[in-house]
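Geometric and topological summary
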Amino acid sequence: MNKDIIVLGIETSCDETAAAIIRNGTEILSNIVASQIESHKRFGGVVPELASRHHVEQITVVIEEALIKADVTFDDIDAIAVTEGPGLVGALLVGVNAAKAISFARNIPLVGVHHIAGHIYANRLMKEMAFPLLSLVVSGGHTELVLMKKHGEFEVIGETRDDAAGEAYDKVARTLNLPYPGGPHIDRLANEGTPTIDLPRAWLEEDSYDFSFSGLKSAVINTLHNAEQKGMSIDPKNMAASFQESVIDVLVTKTIKAAKEFNVKQVLLSGGVAANKGLRERLEKEFAKIDGIELLIPPLHLCTDNAAMIAAAGSILFEKGKRSEYSLNANPSLDIEHF
């Protein structure tokens, strides 16, 4: 009988301190997240130094809680998976050094994990992946289409050329005087409004799967400023709906085109913006019309940064024989195709 593989995951790439225990790459035994949103909200965004300090304060607490909730000890852990990048370098260092310390002290194998790979593998915590597959990754710092032909190998076929979708959401939210993080507030307003304002869609070159949201963000800001100068008012709900409609049109259209071109079996939605209600509903509606392609969308608690997804990705890498040395370091610009 094969022994269960128990992996401890650690995630500190931005403003969540997280630890999780995963069995056999698919079963969550615990998934603990300490959020810093309240600390950063007054600044309108993440303050790197503040994030690092919070990670230092919380890292041992969340690891201990993850072990207790999963009812395991370090003696039961077969590997430690930790986010090595991309992310905020100071924040990453806290998780990496905690993982290395435990690995050294307890002689447990160490596995560095790419943060976006983690977001993709969050889907495996719901259902087994079928290859080839395409993942639409949409988060605060990333908007990518990633093709996978087998476990642990990633080919980026499209990426953002400027602002990621999540960044555009936050910047538009600030213009509408909405609190940080802006994405959930824009999504809520959009659900109450009507897309009555004509905003651009950046399709780029005909054969390109890249994205660009900088022009859309600027169009929203200019439209609001022009209306203000003329003494006119624009309903924030309608602006939010119009902005979100533009973002979703581009994301969904390019995803469908790529899924058909590469003849994939599954399309996976990944990343923090995967929690967006409008995006989830549009993808479900459109892929319901397409035979032979299964759409996977993770539950809300697995969309935002968490350690279960890191442990899920780390489990695959561990089974494939990947091990990290104690020279493992934070890499804020880690490339998913070569990590």
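Note that the coordinates shown come from a computational prediction; the quantities given were computed from them, not determined experimentally. (Residues numbered from 1 in each chain as written. Predicted model: local features only at pLDDT ≥ 70, side-chain atom pairs only at ≥ 80, totals over all residues. Heavy atoms only, no water.)

All right, on to the overall build of the protein chain then. Scanning the protein chain from N- to C-terminus turns up 10 helices and 10 strands. In terms of overall size, the protein chain behaves like a compact globule, its C-alpha atoms giving a radius of gyration of 20 Å where 339 residues would be expected to give roughly 20 Å. With the C-alpha coordinates of the protein chain rotated into their principal frame, the extents come out at 65 × 45 × 30 Å. Burial status across the protein chain gives 55% buried among its 339 residues. Long-range pairs, those at least 24 residues apart, make up 73% of the contacts in the protein chain between residues at least 6 apart in sequence. Roughly 14,700 Å² of accessible area belongs to the protein chain as shown, and the carbon and sulfur atoms make up 49% of that amount. The average position of the 32 basic charges and that of the 46 acidic charges among the side chains of the protein chain differ by 2 Å. (Helix = DSSP H or I, 4+ residues; strand = E, 2+ residues; numbered from the N terminus. Rg over C-alpha atoms; globule rule 2.2 N^0.38 Å. Buried < 20%, exposed > 50% of the residue type's maximum accessible area, 1.4 Å probe, protein only. Contact = heavy atoms within 4.5 Å. Areas by Shrake-Rupley, 256 points an atom, 1.4 Å probe, with all protein chains shown as cover. Lys, Arg positive; Asp, Glu negative; His and termini not counted. Charge placed at Lys NZ, Arg CZ, Asp CG, Glu CD.)

What follows is about the UniProt feature "domain: Gcp-like" (unreviewed entry) in the protein chain. Under the UniProt annotation, "domain: Gcp-like" (unreviewed entry) lies at residues 27-311. This span, residues 27-311, is 47% helix and 16% strand, and a straight line between its end C-alpha atoms measures 10 Å. (UniProt positions renumbered as here; feature names shortened; annotations may be inferred.)

On the secondary structure map, Asp15 appears in the loop between β1 (6-11) and β2 (16-23). Within the buried core, Asp15 has no salt-bridge partner, and the shortest N-O distance to an opposite charge, that of Lys41, equals 11 Å. Once residues within four sequence positions are removed from consideration, Asp15 is found in contact with Ala34, Ser35, Gln36, Ile37, His40, Val46, His55 and Tyr180. (Salt bridge = Lys/Arg side-chain N within 4 Å of Asp/Glu carboxyl O.)

Moving on to the sheet that holds strand β3 (residues 27-35). Pairing is mixed across the open sheet formed by five strands, whose spatial order is β3-β2-β1-β4-β5. Both outer strands of the open sheet, β3 and β5 (110-114), are each paired with one neighbouring strand and no more. Across this sheet, the average inter-strand angle for adjacent strands is 20°, counted without regard to direction. Pairing geometry for β1 and β2, over six bridges, is antiparallel. Looking at the pairing, Leu8 lines up with Ile21 of β2. Seen against the sheet, helix α2 (residues 48-70) touches β1, β2 and β3 and runs at an angle of roughly 25° to β2. Against the sheet, helix α3 (residues 89-106) contacts β1, β4 (79-85) and β5, and its axis sits at roughly 155° relative to β4. (Pairing = 2+ DSSP bridges. Axes fitted to C-alpha atoms, helices over the stretch in contact; angles between N-to-C directions.)

Right, let's talk about the packing of helix α5 (residues 165-175) against helix α7 (residues 214-229) for a bit. Closest axis-to-axis distance for the α5/α7 pair is 9 Å, and the angle between their directions is 5°. By the angle between their axes, α5 is roughly parallel relative to α7. On the side of α5, the interface is formed by Lys171, Val172 and Thr175, while α7 contributes Lys217, Val220, Ile221 and Leu224. For the contact of α5 with α7, the class distribution of residues is four nonpolar, one polar and two charged. (Parallel < 35°, antiparallel > 145°, perpendicular 65-115°, else oblique. Nonpolar A, V, L, I, M, F, W, Y, C, P; charged D, E, K, R; others polar.)

Before going further, it helps to spend a moment on the UniProt feature "binding site: substrate" (unreviewed entry) in the protein chain. UniProt records the feature "binding site: substrate" (unreviewed entry) for Val137, Val138, Ser139, Gly140, Gly141, Asp170, Gly183, Asp187 and Asn276 in the present numbering. Locating Val138 in the fold gives a position in strand β6 (residues 133-138). Each residue touching Val138, except ones within four places of it in the same chain, is listed here: Thr143, Ala165, Leu251, Leu269, Ser270, Gly271, Gly272, Val273, Ala274 and Leu279. Tracing the backbone through its elements, the reader meets Asp187 in helix α6 (residues 182-192). Those residues within four positions of Asp187 in sequence are excluded, and the remaining contacts are Gln244, Ala275, Asn276, Lys277 and Gly278.

Let us look at the nonpolar core. Ile186 and Phe243 are the most contacted members of the largest nonpolar core, which totals 48 residues. Breaking this core down by element, the ones donating at least two residues are β6, β7 (143-148), α5, α6, α7, α8 (236-261), β9 (266-270) and α9 (277-287). Of the residues forming this core, the biggest block, 12 residues, is contributed by α8. Among the nonpolar cores identified, the runner-up in size contains 35 residues, and Val7, Met148, Leu296 and Ala308 belong to it. (Core = buried A, V, L, I, M, F, W, Y, C linked by side-chain atoms within 4.5 Å.)

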